[in-house]
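For reference, the chains in residue letters:
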Amino acid sequence: MFDIHKIKGMFKKAFTPVTIMLVPHSKARPVNLKIPFIGIFASVIFFFFGIVYVFSIAVNTFEYYRMKDNLAYYSHEFTELKSTIHTLKNAEVEFNRLFSLGTKEEVLESINASDSGSLDMENLKHQINITAETVSEIKDYLKIQKDIYLATPRGMPVAGAISSSYGKRKNPRTGGDDYHTGIDISTSSGDPVRATADGIVSFSGWNGGSGNLVVLEHGHGYSTFYAHNKALSVKVGQKVRKGDVIGYVGSTGYSTGPHVHYEIWKNGNPVNPAEYMKEGS
């Protein structure tokens, strides 16, 4: 059974007013506030719950922004990862195409020089970057090899018979011993003389005993000389591709008949053109 008197006593105490005195620092009179005890108790309870609520809001807000930052970070990582994988796939397709061609010459001539469960994203991206750099190094290497290949003289500048080889020989004009720094290719007067590699014209004109002479610079130390031409079709500074016509067979200068005197120089020294005559060299 409830004791009605105790209950009444508790309500009486709960609603017993408590006087709070506010004393100003000025000469104004103090202010007395009478607040029931239960009002003070309720205020403390509400204050406590208010603090807890505000704290929980702050924590939730912090977690929201932290998750938002994480989402932005991983979105950025996946974007980079997707871009890297796309680059690798393109490189794979390109290399498969190149190395299906069969021969070194076809590969070099066809190179396009224009041109994570719980994922450890940093480690994965690091490994992919290493792979991408390796692919890039391979592409750079192939580009250099293509440049060397295009700069290397190949084949003959004109169809004909070799009438005088490279090296020691008897001079056809004087009959004395001399050293022939090129080869002579006999053919019909007026036949087109063609560049044996990509390059740029460094000389085109008359040069004494060489008659009408064309000199091409190819890069990587290579130069080629085409002498005794009847006429020339290029000028200094002009870029030429392998197979372009640079002149026409003649017998100008110190010559005993229509032919092309052809020389190849590498790093400032003459070399035997016979070593470069085959297309596959």
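What you are looking at is a predicted structure, and each value in this text was computed from that prediction instead of being measured. In every chain, residue numbers begin from 1 and rise along the written sequence. Residue-level local features of this predicted model are given only where pLDDT is at least 70; pairs of side-chain atoms are given and counted only at 80 or more, and the full residue set underlies all totals for whole chains, interfaces and linings. For the side-chain quantities, the full set of heavy atoms in the structure was used; hydrogens and water were omitted.

So what about the confidence of the model for the protein? Which residues, and what values?
Within a predicted model, pLDDT stands for the predictor's per-residue confidence, ranging from 0 to 100. Chain-level statistics for the protein give a pLDDT mean of 77 and a share of 54% at 70 or above. By definition in these notes, contact holds between two residues if any of their heavy atoms fall within 4.5 Å. Every residue in residues 113–119 scores below 50 in pLDDT, and together they form five contacts with partners more than four places removed in sequence or on other chains.

Before we move on, can you summarise the side chain of N229 with the specific residues and values?
When you line up the elements, N229 lands in strand 10 (residues 222–232). Judged by its relative accessible area of 1%, N229 is buried. Two N or O atoms count as a polar contact when they lie within 3.5 Å, although within protein this holds only if one can serve as hydrogen donor and the other as acceptor, and sequence-adjacent residues are included solely when both atoms are side-chain atoms. Separated by 2.9 Å, the side chain of N229 and the backbone oxygen of N212 make a polar contact. Not counting the four nearest positions on each side in its chain, N229 is found in contact with V193, N212, L213, V214, G247, Y248, G250 and T252. We count a stretch as a helix when DSSP gives it H or I for four or more residues in a row; a strand needs E for two or more, and each element gets its number in order from the N terminus. Note on exposure labels: buried denotes an accessible area under 20% of the residue type's maximum, exposed denotes more than 50%, and partly exposed covers the range between, all computed with a 1.4 Å probe on protein chains only.

Outline a nonpolar patch on the surface, listing residues and values.
Here, patches come from residues exposed beyond 30% relative accessible area and free of salt bridges, joined within 9 Å for like charges and within 5 Å for nonpolar side chains (Val, Leu, Ile, Met, Phe, Trp, Tyr). Accessible areas in this description were obtained via Shrake-Rupley with a 1.4 Å probe; residue shielding takes into account the shown protein chains only. Whenever a carboxyl oxygen of Asp or Glu lies within 4 Å of a side-chain nitrogen of Lys or Arg, that contact is scored as a salt bridge. On the surface, I45, F48, F49 and V52 cluster together into a nonpolar patch covering about 380 Å² of accessible area. By relative accessible area, which is 52% here, F49 ends up exposed.

Residues and numbers for unusual backbone geometry, please.
Here the phi dihedral of H220 falls at roughly 55°; this positive angle occurs in a residue that is not glycine. You can see H220 is positioned in the loop between strand 9 (212–219) and strand 10. You can call H220 partly exposed: its relative accessible area is 43%. Non-glycine residue N267 carries a positive phi angle of around 55°. Considering the arrangement of structural elements, one finds N267 in the loop between strand 13 (259–266) and strand 14 (269–271).

Outline the nonpolar core, listing residues and values.
Ranked by size, the top nonpolar core spans 20 residues in total, and within it L216, Y226, V240, I246 and Y262 carry the most contacts. Going through the elements one at a time, strand 6 (183–186), strand 9, strand 10, strand 12 (245–249) and strand 13 are the ones with two or more residues in this core. Think of a nonpolar core as a cluster: buried Ala, Val, Leu, Ile, Met, Phe, Trp, Tyr and Cys residues, connected wherever their side-chain atoms sit within 4.5 Å.

An account of the packing of aromatic side chains is requested, with residue identities and associated values reported.
For Phe, Tyr and Trp, rings pair up if their centres lie within 6.5 Å, where Trp contributes its six-membered ring, and each pair is then called stacked (planes under 30 degrees apart), edge-to-face (over 60) or tilted (otherwise). As enumerated under the stated definition, the model contains four aromatic pairs in all. Ring centres 5.6 Å apart and planes at 80° place the aromatic pair Y166 and Y179 in the edge-to-face group. Here Y166 is found in the loop between strand 3 (161–164) and strand 4 (167–170), whereas its partner Y179 is found in strand 5 (residues 177–180), with 13 residues between them in sequence. Here Y179 falls in the partly exposed class, since its relative accessible area comes to 48%. Ring centres 5.8 Å apart and planes at 50° place the aromatic pair F225 and W265 in the tilted group. Here W265 lies in strand 13 and F225 lies in strand 10, a separation of 40 residues in the sequence.

Any details on the environment of K235? Residues and values, ideally.
Looking at where K235 falls in the secondary structure, it is placed in the loop between strand 10 and strand 11 (239–240). For K235, the residues in contact, after removing those within four places along its chain, are V201 and S204.

Please set out the pairing of strand 10 residue by residue, giving values where relevant.
Side chains on a regular strand alternate between the two faces of the sheet. Two strands pair when backbone bridges link them, and strand 9 and strand 10 are joined in this way by six bridges, in the antiparallel orientation. For V214, the partnering residue across the bridge sits in strand 10 and is Y226. Between any two strands, pairing holds if DSSP finds at least two bridges. The hairpin formed by strand 9 and strand 10 contains two residues between the paired strands, and H220 there has a positive phi angle of roughly 55°. Of the strand pairs in this sheet, strand 10 and strand 13 are connected by six bridges, and their pairing is antiparallel. Each residue of the ladder has a partner; that of Y226, found in strand 13, is Y262. With three bridges joining them, strand 10 and strand 12 adopt antiparallel strand pairing.

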